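Remarks on the overall topology
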Amino acid sequence: MGADDRIRRPAGVARTGSYHDSMPAIVDPAVEAYAEAHTTAPPAHLERVATETRSMLSDPGMMVGRLEGRFLELLVFAVGATSVLEIGTFGGYSSLAMAAGLAPGGSIVTCEIDPVHAEFARRHIAASPYADRIEVVVGPALRTLPTLPGPFDLVFIDADKGSYPAYYESALERLAPRGLIVADNTLWYGRILDPGDRSVDTEALRAFNEKVASDPRVVAVQTTVRDGVTIIRRAD
Ligand SMILES: C[S@@+](CC[C@H](N)C(=O)[O-])C[C@H]1O[C@@H](n2cnc3c(N)ncnc32)[C@H](O)[C@@H]1O
């Protein structure tokens, strides 16, 4: 399938995350492959999302994939989450990965601006064992978030990088006392460390990382999982 056969996005909805296809991974590929091989294999419905995302959607590198998917599932499981918020659905891989870690009766709300991505994700969610656990809300997340009261046990931030500080503030307001905020791509393919890189997304992620590290309201760890995953809890 060529690029022209991929699902087309309506006019007015910007393509996002184009770095993902062209930038090298920060973790040595052999180490990443070994880690993936020693991570529990994904179920068939997740394999189908991954395969179809790669063949039908632009920028499939945006998908968290096998290793980070299991990582997210285990975080959701560890906090005993019944209420999860995701910002940035794409094809639904991370939503479906996290759903496997939900406590009984738990659910996920996932925000997506692109109706093509939302429709793709909804189709896969409907065909999965988690059809009644995941709701996809279409629209700019900054407009959707005030309509979602929470509290949330886990908030996964994985959308437009310039809005990370605003997503973080909104997530912190709605975070359960023992909840986690998890922010993806915080090492941005290593561009964070390149002083010559002054691009908008890189600067936004630098500002986000500084904000979190110096915020007395939280305790955070910057991990080197995949492209950098920052995990944050309330300090109180
Ligand atoms: C990196 S991808 C998410 C990947 C997804 N978490 C996964 O692992 O499969 C980012 C997604 O955020 C969406 N997005 C970008 N800006 C947004 C906004 N302002 N509000 C909601 N979604 C947005 C993009 O359309 C894209 O689908």
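Right, let's walk through the structure included here. Predicted model only: the values in this text are computed from it and were never measured. (Residues numbered from 1 in each chain as written. Predicted model: local features only at pLDDT ≥ 70, side-chain atom pairs only at ≥ 80, totals over all residues. Heavy atoms only, no water.)

Describing the side chain of Ser-83
Examined against the element boundaries, Ser-83 turns out to sit in strand S1 (residues 83-87). Its relative accessible area of 17% is what places Ser-83 among the buried residues. A polar atom in the side chain of Ser-83 sits 3.3 Å from the backbone oxygen of Pro-151. Beyond its immediate sequence surroundings of up to four residues, Ser-83 is in contact with Ser-107, Pro-151, Phe-152, Asp-153 and Leu-154. (Helix = DSSP H or I, 4+ residues; strand = E, 2+ residues; numbered from the N terminus. Buried < 20%, exposed > 50% of the residue type's maximum accessible area, 1.4 Å probe, protein only. Polar contact = N/O pair within 3.5 Å; in protein donor to acceptor, adjacent residues only side chain to side chain. Contact = heavy atoms within 4.5 Å.)

Structural notes on empty space enclosed by the protein
Counted by the stated rule, this structure contains one cavity of 30 Å³ or more. In this structure, the largest cavity occupies an estimated 90 Å³ of space. Every residue lining the largest cavity is counted, 15 residues in all, and those nearest its centre are Pro-42, Pro-43, Leu-46, Arg-70 and Glu-73. Listing elements by their share of the lining of the largest cavity, those giving two or more residues are helix H3 (44-56), helix H4 (65-78) and helix H5 (93-99). Examining the composition of the lining of the largest cavity, we find that five residues originate from one element, H4, more than from any other. Looking at the lining of the largest cavity residue by residue, the classes come out as eight nonpolar, four polar and three charged. (1 Å grid on protein atoms, 1.4 Å probe; cavity = no way out; pocket = protein on both sides within 12 Å on 5 of 7 lines; lining within 4 Å. Points joined across faces, edges and corners; volume = space filled by probe spheres on them. Nonpolar A, V, L, I, M, F, W, Y, C, P; charged D, E, K, R; others polar.)

Focus: the nonpolar core
Counting residues in hydrophobic clusters, the biggest one holds 35 residues, and the most contacted among them are Val-84, Tyr-93, Met-98, Leu-154 and Val-182. The element that contributes the greatest number of residues to this core is H5, accounting for five residues. If you look at the next biggest cluster of nonpolar residues, it comprises 28 residues, including Val-155, Ile-157, Tyr-164 and Leu-205. (Core = buried A, V, L, I, M, F, W, Y, C linked by side-chain atoms within 4.5 Å.)

A closer look at the layout of surface pockets
Considered as a void within the structure, the second largest pocket measures approximately 480 Å³ in volume. Together, 22 residues line the second largest pocket, and Glu-36, Met-63, Val-64, Gly-65 and Arg-226 are the ones closest to its centre. Elements with a contribution of two residues or more to the lining of the second largest pocket: helix H2 (29-37), H3 and H4.

A closer look at the packing of aromatic side chains
Enumeration over the complete set of coordinates arrives at three aromatic pairs. Pairing Tyr-168 with Phe-208 gives two aromatic rings, centres 5.8 Å apart and planes at 90°, and the pair type is edge-to-face. Residue Tyr-168 is located in helix H8 (residues 164-173), and its partner Phe-208 is located in helix H9 (residues 200-213); the two are separated by 40 residues in the primary sequence. Measuring from centroid to centroid gives 5.6 Å for Trp-188 and Tyr-189, while their planes differ by 55°, and the two rings are tilted. Under the relative-accessibility criterion, Trp-188 is labelled buried at 1%. A residue is classified by how much of its surface remains accessible, and Tyr-189, at 11% relative accessible area, is buried. We note Arg-123 situated over the ring of Phe-120; from NZ or CZ to the ring centre the distance is 5.3 Å. (Phe/Tyr/Trp six-rings, centres within 6.5 Å; stacked < 30°, edge-to-face > 60°. Lys NZ or Arg CZ within 6 Å of the ring centre and 35° of its normal.)

A closer look at the site of the ligand
Taken together, 23 residues are adjacent to the ligand, and Val-64, Ser-94, Glu-112, His-117 and Asp-158 come closest. Ala-141 places a polar main-chain atom, nitrogen or oxygen, 2.9 Å from a nitrogen atom of the ligand. In the model, a nitrogen atom of the ligand is placed 3.3 Å from a nitrogen or oxygen of the Asp-160 side chain. Every element with two or more residues in the shell around the ligand is listed here: H5 and strand S2 (107-112). Split into classes, the residues belonging to the shell around the ligand amount to twelve nonpolar, six polar and five charged. (Near = heavy atom within 4 Å.)

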